[in-house]
Structures are given as structure tokens and as C-alpha cells.
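# Architecture at a glance
Chain by chain, the residues run as shown.
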Amino acid sequence: MQRYIIRRLLLAVPVLIGVSFTIFIIMRVIPGDIALAVLGGEGSAGVSQEKLTAFREQLGLNKPVYQQYLSWMWDFVRLDPGKSLQSGRPVIAHIRDTFPVTLELVILSIVVSLLIALPIGVLSAMRQDTWVDYVFRVVSIGGLAMPVFWTGTLIIMVLVGTFGWLPPLGYAGFFEDPLVNLQQVIWPSLAMGYYLSAAVSRMTRSQMLEVLRQDYIRTAWSKGLRERVIMYRHALKNAILPVVTLTGIQFGVLIGGAVLVEIVFVLPGMGTELIQAILRRDYPIVQTIVLLIAAVYVLVNLGVDLLYAWLDPRIRYT
Amino acid sequence: MSSIIRQSRLLGIVMVAALVLAACAPAAAPAPAPAAPAAPAAATATPRPQVIPTPLAPLVNPTPTPARSAAPTATPATASKAQYGGVLTIGHFAAPPHFDVHQVNTAASLWAIGAAYSDLLQYDPHKNSEIIPDLAERWEASADAKTFTFFLRKGVKWHDGKPLTADDVVVSYNRMAFPDKATVSPRQSLLSNLSKIERVNDTTVRFTLKDPQASFIPAIANGYMPIMPKHVIEAKGDMKNDVVGTGPFKLKRYQSGIAVELEKNPDYFVKGLPYLDGVTHFIVADWNTRYAALKAKRILMTNPGTPGLTTDMRVALEKEMPDKITTWVHVHLGNIITEMNVNLKPFDDVRVRKAVHLALDRKAGIDVLQQGAGLYGYMMPPGTLGALPQAEIDKLPGYRYPKDQDIADAKKLLADAGYPNGFDTKLLNRAGPTFVPRGIFQADQLKKIGIRTQVDTKEDTSFYDDLFGKKYPVITYGEGETIGDPDVYLYQYLHSKGSKNFSGFANAEIDKLIEQQSRTLDVKERDKIAQDIQRRLLNDYYPIAHILHLVGQMAAWKDVRNYDPPIGLTNNLQFADVWIAK
């Protein structure tokens, strides 16, 4: 198992190099002058050509692309991804401020999603083609059909309209003020969790239906085991593997893709930071965040594979 | 089996109940307006009452003499009722890119830390058309109006305890007027007439202009001209991550992407002020969330200007909470215009440009783009110096109603220019919920005269790239300006060297008139020249088709006292004499 983990981590290196090169090239190919974006923006009218040229030289944009890439990678390997072109703050500071917010939101959303989706998926499969199944399928499709930012706005409307209340603005870390933190994070987690639960519950249902038709399940019924034991100990455990894969993929997507919920619920997360950095052509931040997302994907995939081995003793890695 | 059945039924009932509850959101709380307005409807949409704020008195353009004395430091008439304490919370529309106000051109930065800084002069926060002292307690001008001497208040301290001196003023203005290689100054064109700034003594500074400039005093009174500390600029190179000012509040904490927290400056140079313990700007980018936060009293006030409220939101607040919330509509000094590239076919033909000008329905624009809240005119905002009288505007081609005559004339002009069946063109527009509808509206308007417009909507970086490259035959543009003065609206957009002259319009006679009005100190004469320039443009040239002047809409809980909305977006940022009723 250890060799397997080491091998997977080593295989991640070429993946990350490929991602870094891709994002590096993309940021330089997309239209828009980085110097104008950083120096001017809405005040671009006041920027002279000399200043723009000087700024491009300062950034090294006049050097060959491969030199720029190698220079950046060398700094990155030394854990110095540079400073924001806009604010001048270290990129590490931007990541430190935003990554924990997104991580907490994603973890809570996944938990909410599983709490909703697993029981729904199991019960839907058990009561296939009954009114229970139909209700749960409508609820699932609702989660898929409703954009998450719309659900979030709806939650805010209900909170304000019905209770005249909104979570405190700003953001307090969990260890700073757990009560305020939970008030702020639970609502976006509900919105996002509901959205995620749709696919998970559908996957759970279809996997459960397949497993419930297996001979060993019939044998378990024949033995007189209780329904709860059959469903959760025998059937779900065998049906859960694709669900774990799906959840892992969702985790990776959300790390960089929770921006809409972050905006609606005023959470200063990494998704918002990434979008703003792309619009401002703030290369160092974009490149670092994308690499971080890729690294999270790799680690989550590894975690999913290891979880497979725990859930299914037949799976062993060498 | 039975327990599972009970559980499943219960879960199903809960799900159905949740759906029903969500569907039955209380009718008493109507949905806030969506952030992105729907595609513009035809001009026959249900008319909304046109909300026009009280016309401005012409902005003060003081003659150089005699010397103006410091306003008394006594607190305003309501001072006897003013209460100390409390934190004013404001919903801020965007995170500031950085804090160096000299180098930035976005209100995202200026509004967040405006209360931490002082200018030499300021617009009176309660009588927006008057200019009063700030750091300078008085000023004098020479007889030829080329030399201005400012006498600074004594004993003023920076937030870090160091004393303010004339050197700080000199460094600040040199930075803005004569920036070095490392500094970008969006205000450089506003100060292009400045020849030099000198320190006379510790508390006296002298500005020497190349030519007399009537707008000099209004220009330096706008909020984008704060005085910044020499010792910090020299030590750090810039002020992007430092906020050290002399304003009524100082920076307590900045949480990136979350909030800018300012706390009371106990050493503020106006004794007895500020009343507030602090001002906190919560960064809330989403319109609906800002609106909800105001209703739930998580914030006490919105931003001014177009990031404040939409018309629907303002009207809803006036209907639902008139006893709790005050709303305002105020002059924004921003505009929406169409600039046509006079060097690219077919807009190099003045007949085509005039046809575009005739086709645009300004009242429909106000209704569709601003939900009934806006003003129309030509380059100068109504009520400002040089604005054409509304009675005159309403009779001009392009502004006549009904529009039938204008449309017929426009079609004839296109036919005469060789385009009897219209033509295809591309329009450059900026991305974002505020800007997207403008391009759609213009395309819809031009369709009436046969011009088929492809709207290219681009996010900011690409937009500015194409804008400065002057690659497009027609663009839709508009910004909030610093002061409502012809030196801003006429020079920037219509002088051949104007920084926002994206049409490429260059006319020696118009240039000369623009320069002449800038040097004319007599207000009436200057007003006359500025109007004359616009009449000539509307008779002969048409490089710009003006659509509308924006108004800002904002609101605050009635607990917030002694606040008046600004004219424009760069003033009334300090909240020095604002207080909160307990």
C-alpha cells in the first residue's frame, strides 16, 4: 500500500507540470493586455505607452515564453509564487485568506449532500415506482434543475422575508467564533448540498437497484435479516463505490467552482478570488490557484482510491 | 419493514412540506429586482414615473479673489442633538484592488477608505455645490489666476502621530501631476495645467499654473485628490497596502474580500468630531444580498451611485419601510454615450453619425436602462455649468417626441450617404450586469433605421484593450466623472488630445474653444462658450450620440442622521458629522 501511495504521488508530478504549463500558456494567449489591466483598469485613460512598456519589462513579459515559464516554475518550487500584480500582497497571503473558507464550505456541502442523498437514494430504491420514489425523484430533479445561486437567493429571501434575519456579514473562522461561523456557513452549505445531492441520490438509487437484484441479497432476505441490516450493511456498502467516486469528483469541482454561492452568501472564498484574478489578468494568483486545485484533485482521487480499499476488502493495491 | 415504511413516509412528507413552504414565501416581501435587468423591452413598455432629482445649482466656480477663509469648526445645526457612538455599516459593492487612491480609478477603493483621508478642499457634504476648506483653512489666488496659495491648518497629525507639513502636499500633488515611472496617475490629465507646486513654509503651499484654469479649485476639491504622507510614500514606494491619512477615521482592519473597518481618529483636526466610533464597509458584491442585508439591518446604508440600489429596490423600500428607511436619488455625474469612430467607414460620414444621433430614443433609454430614473441632455449634465437648457434640448433633432420625424430624417440621411438599406456594423460593449443592457438597447434602437448591429460584449481587460486600440467603429461607453465641469466632459471626450476621445474626433476650432472656456474665469462667459461648443457639435459634427446622464439611488436606515447624498461619486466620503440615533 505504501508503495502504491508513493507511486501515485510521483505520478502526480507530470500531471501538475502539464497543468501548470497549460494555464501559463492560456493566461498569455487570452486577449487583453495585462499591463493595461493592472495599471489602468477603469483608469486606463491615464496610462502612457512608456509606463505600459516599462511595466511589461518589469514583469519579464518581453522575454521568451519558455524563459518566463521556467522562471515562474523555479520560484514556485521554492514555494515563492510571487506577489499579486494588483495589490502587491504575496500570493500565499491571498491563498491563506481564501482557501480555508472554500474548504470549509465544500466539506460542509458534501456532508449535507450525503446526509440528504444517501437516505433518499436508498429509500427511493427500496420503494421503486411508489409515491415515495416519485416524490424523491422530483426533489432530486429539483436540485439539478435549480441553479445553485437561485436556491441561495431563495434562502436569503426566506430568511429576510419570513424572519427578518440574515447571517452576520463578514467572515469569522470556525476557531475564531464557531457560532458566528456556523451561522454564516450553514446556509450556503444547504444550498450547495441540495444541488450536489441530486446527482448523488440518483447514483445511489441506480446502484442500489442493481445491488438489490443480486443473489446474495435474496439470500439475506431468506435468512430473515432485518431490512435495515440488509440495506445499510450489505446492499449500500456494495453500491457505494461509484457514489464515492462521484463525491470525490464533486469535491474537486467545488474547490474552484463554488464562486456563485460565495458571492451570494458573501463568503471570501477561493472561487471568487480566482474569477477576479482572471478578470484582472493577475497571473501569479491564477496560476497558483489552478495548480492548487489540480493538487487537490490528485489528492482527493488518491483518497477515493484508498477509500475503495477500505470499503471493499477485495481491492488491494501493491 | 414497518419502521422503514414509516421513515420513508415521514421523509417524503417533510420533502413535500419543504417544497410547499418554499413556494409560499411571504407575499409581503416581494422579490428583489434581479441583478441583471432583462433585455430591454420596446419603448412601449409600461411607462414608469420619471424620477428626476432636484436640478443642481451650477457648481461653484469661485473667482480667484478675494481670499476664502476657513469655515467655522462649529458642528452643524443639529449638533445639539448629535449622539456619540455607534458604527456605521455600509454595503460595499466590490473589493478594493488596493488602497493607493492616487493610482486607482475605482470607487471600490475610494469609498472604502475615503473617510481616512483629507483633501486640501472639499465639497460641503450638506450643500454639495459649495466648496469649503478641509486641510487648507483658507486659500488665495493671484490676480492673473495662475497662482494659488493654500494655508494649511496647524497642528494636524497623521494617523501614525507624525505632523502634517507642506512637504506632504507637495509630494502628493507631484505624484498625481508629475508621476514617476513607477506611478500611474489617472488624475494627471485633470492637473495637466499645473506648472509646479512649491513649499513656501511648513504650513503654506503654492501652486503655479501654466494658464488660468477656472476648474482648478473644483478639481482639487474632488475626493480623488487626498493628501498622503511623504514619509510613508518614500519608505514604501506606494500606498497600495497602507492607509495613513488625516481623516476623521483610521484603518482598524482590512480583511481581504470581507470588510474594511475604520475606527474613530481621536486626533482629528476638527474638535468634537467624528461622532461615530467607526465606519465598516462590508464587501457584498451581489445586489440582492446587499438589498437583503439592508432590510435585515446588517448594514445601515448602501453605496451611493449606481451600485446602490436599482429603481425597483428603491421603490419597494419606499413602499414597505417608509418609516424605517430613507431613500435618495442623486446626481451621479456618470453617463451612457455612443462614440463613433470618425476615422472608420461608414462613421467617417457625418450624415451617418447624425442618423445614429437621431435614432436614439433617450426617454426609452431612461425607462429601459435605468427603470425611469435618469436625465437626458447633451455632454454636460443638466444643472451643471455649460449644460444646454432643457427647453432648448427638447426642440433639437434627436430629442423630439414623438420620434417619427427623427426616424424619417435619419433614414433619409442614410440614403443620402449611400446606405438606403442600412448597413452592418459592430458595437463594442463592456461585460457586466450594469453594461450589457446598454449594448442591447443601442442595437435595438439602430435597427429602426436599418443599421444591423452585432454587439461584442467583452470583459474589462479585453474591452479596454479594444477601446484604446480604437478597433471598433462604434462603442458604448460611460463613466462616473470626478467633477461636473466642462474641463472634464468636453476636454476628455472631445478635445483632440482628450484621454477619453475614442471617436478620434479632431477639430482645431473645437479644440480652441475648449481651451478658451478652460481659461475663462467669468462664470457666465464660460457657461456661454461651453454651450456654444455643444451646439456646434450637435449642428455639424456628432462624434458622440449622448443617451443619458445617470442618477444614483441609495438608502439608509433612519437611525443614520445628518447624512446627505453626494453630487457625483467622489465626494462626501468622510462621514465626519454623521451620527447614529440610539
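Remember, it's a predicted structure, so these values are computed and weren't measured experimentally. (Residues numbered from 1 in each chain as written. Chains lettered and ligands numbered in written order. Predicted model: local features only at pLDDT ≥ 70, side-chain atom pairs only at ≥ 80, totals over all residues. Heavy atoms only, no water.)

### Quick word on the side chain of Arg353 of chain B
All names here are of chain B. Here Arg353 is to be found in helix H8 (residues 350–359). This buried residue, Arg353, is left without a salt bridge; Asp348 holds the nearest opposite charge, at 6.5 Å. Apart from residues no more than four positions distant in its own chain, Arg353 is found in contact with Met340, Val342, Phe347, Asp348, Tyr541, Tyr542 and Pro543. (Helix = DSSP H or I, 4+ residues; strand = E, 2+ residues; numbered from the N terminus. Buried < 20%, exposed > 50% of the residue type's maximum accessible area, 1.4 Å probe, protein only. Lys, Arg positive; Asp, Glu negative; His and termini not counted. Salt bridge = Lys/Arg side-chain N within 4 Å of Asp/Glu carboxyl O. Contact = heavy atoms within 4.5 Å.)

### So, the confidence of the model for chain B
Residue and element names in this part refer to chain B. Counting all residues, the mean pLDDT for chain B is 86, and 86% of those residues have values of 70 or more. Under a pLDDT of 50 for its full length, residues 16–78 has, in the predicted model, 109 contacts with residues more than four places off or in other chains. ipTM for the predicted complex: 0.82, alongside a pTM of 0.84. (pLDDT = per-residue confidence, 0-100.)

### Concerning the nonpolar core
For soluble globular proteins, nonpolar side chains are generally found buried alongside one another. Judged by nonpolar contacts, the single largest core of 249 residues is most densely connected at Leu88, Leu120, Leu121, Phe150, Tyr173, Phe207 and Phe575 of chain B. The element that contributes the greatest number of residues to this core is helix H5 (residues 91–126) of chain A, accounting for 14 residues. Setting aside residues up to four positions removed in sequence, Tyr173 of chain B forms contacts with Leu120, Phe178, Leu191, Ile197, Phe207, Ile220, Met225 and Ile227 of chain B. (Core = buried A, V, L, I, M, F, W, Y, C linked by side-chain atoms within 4.5 Å.)

### A few points about unusual backbone geometry
Residue and element names in this part refer to chain B. The omega torsion across Lys345 and Pro346 is -5°, close enough to zero to call that bond cis. As for its position among the elements, Pro346 is in the loop between strand S12 (325–340) and H8. Along the chain, Tyr401 connects to Pro402 via a cis peptide bond; the corresponding omega equals 0°. Along the chain, Pro402 turns up in the loop between helix H10 (390–393) and helix H11 (404–416). One non-glycine residue, Ala145, lies in the positive phi region at around 60°. As for its placement among the helices and strands, Ala145 is situated in the loop between strand S4 (136–141) and strand S5 (147–152). Note on Ala145: relative accessible area 1%, which makes it buried.

### Section: the side chain of Thr327 of chain B
Residue and element names in this part refer to chain B. Tracing the sequence through the fold places Thr327 in strand S12. Accessibility expressed as a relative area gives 19% for Thr327, which makes it buried. Among the polar contacts listed, one links the side chain of Thr327 to the side chain of Glu318, at a separation of 2.6 Å. When neighbours within four sequence positions are excluded, Thr327 is seen to be in contact with Arg314, Leu317, Glu318, Met554 and Ala555. (Polar contact = N/O pair within 3.5 Å; in protein donor to acceptor, adjacent residues only side chain to side chain.)

### Concerning the packing of helix H12 (residues 270–280) of chain A against helix H13 (residues 283–311) of chain A
Residues and elements named next belong to chain A. Contact geometry of H12 with H13 gives a least axis separation of 9 Å together with a crossing angle of 140°. Regarding the angle of H12 to H13, the classification is oblique. As for how H12 packs across H13, the hand of that crossing is left-handed. The residues of H13 that touch H12, namely those facing Met270, Glu273, Leu274, Ala277, Ile278 and Arg280, are Ile285, Val286, Ile289, Val290, Leu292 and Ile293. Partitioning the contact of H12 with H13 into residue classes produces 10 nonpolar, no polar and two charged. (Axes fitted to C-alpha atoms, helices over the stretch in contact; angles between N-to-C directions. Parallel < 35°, antiparallel > 145°, perpendicular 65-115°, else oblique. Left-handed = near helix turned anticlockwise from the far one by under 90°. Nonpolar A, V, L, I, M, F, W, Y, C, P; charged D, E, K, R; others polar.)

### Thoughts on the pattern of salt bridges
Two side chains with opposite charge may pair up if their charged atoms get near one another. Scanning the entire structure with this criterion turns up 38 salt bridges over all chains. Measuring nitrogen to oxygen at the nearest pair gives 3.0 Å for the salt bridge that ties Arg205 of chain A to Asp133 of chain A. Here Asp133 of chain A lies in helix H6 (residues 131–145) and Arg205 of chain A lies in helix H8 (residues 178–212), a separation of 72 residues in the sequence. This pair shows no difference in class: Arg205 of chain A is buried, exactly as Asp133 of chain A is. Among the salt bridges present, the one from Arg199 of chain B reaches Asp167 of chain B, with a minimum N-O distance of 3.1 Å. A residue pair is termed long-range when its members are at least 10 positions apart, and Arg199 of chain B in strand S6 (residues 194–201) and Asp167 of chain B in helix H3 (residues 166–177) qualify at 32 residues. Each of the salt bridges in this network shares a partner with another, and the network as a whole consists of Asp129, Asp133, Arg137 and Arg205 of chain A.

### Overview of the environment of Phe150 of chain B
Residue and element names in this part refer to chain B. Summarising the element assignment, Phe150 is placed in strand S5. Judged by relative accessible area, Phe150 falls into the buried class, the value being 0%. In this structure the C-alpha to C-alpha distance between Phe150 and Gln405, which are 255 residues apart in sequence, comes to 55 Å. Other than its neighbours up to four places away in sequence, Phe150 contacts Leu120, Leu121, Ala136, Arg138, Trp139, Thr203, Thr204, Val205, Phe207, Phe216, Ile217 and Ile220.

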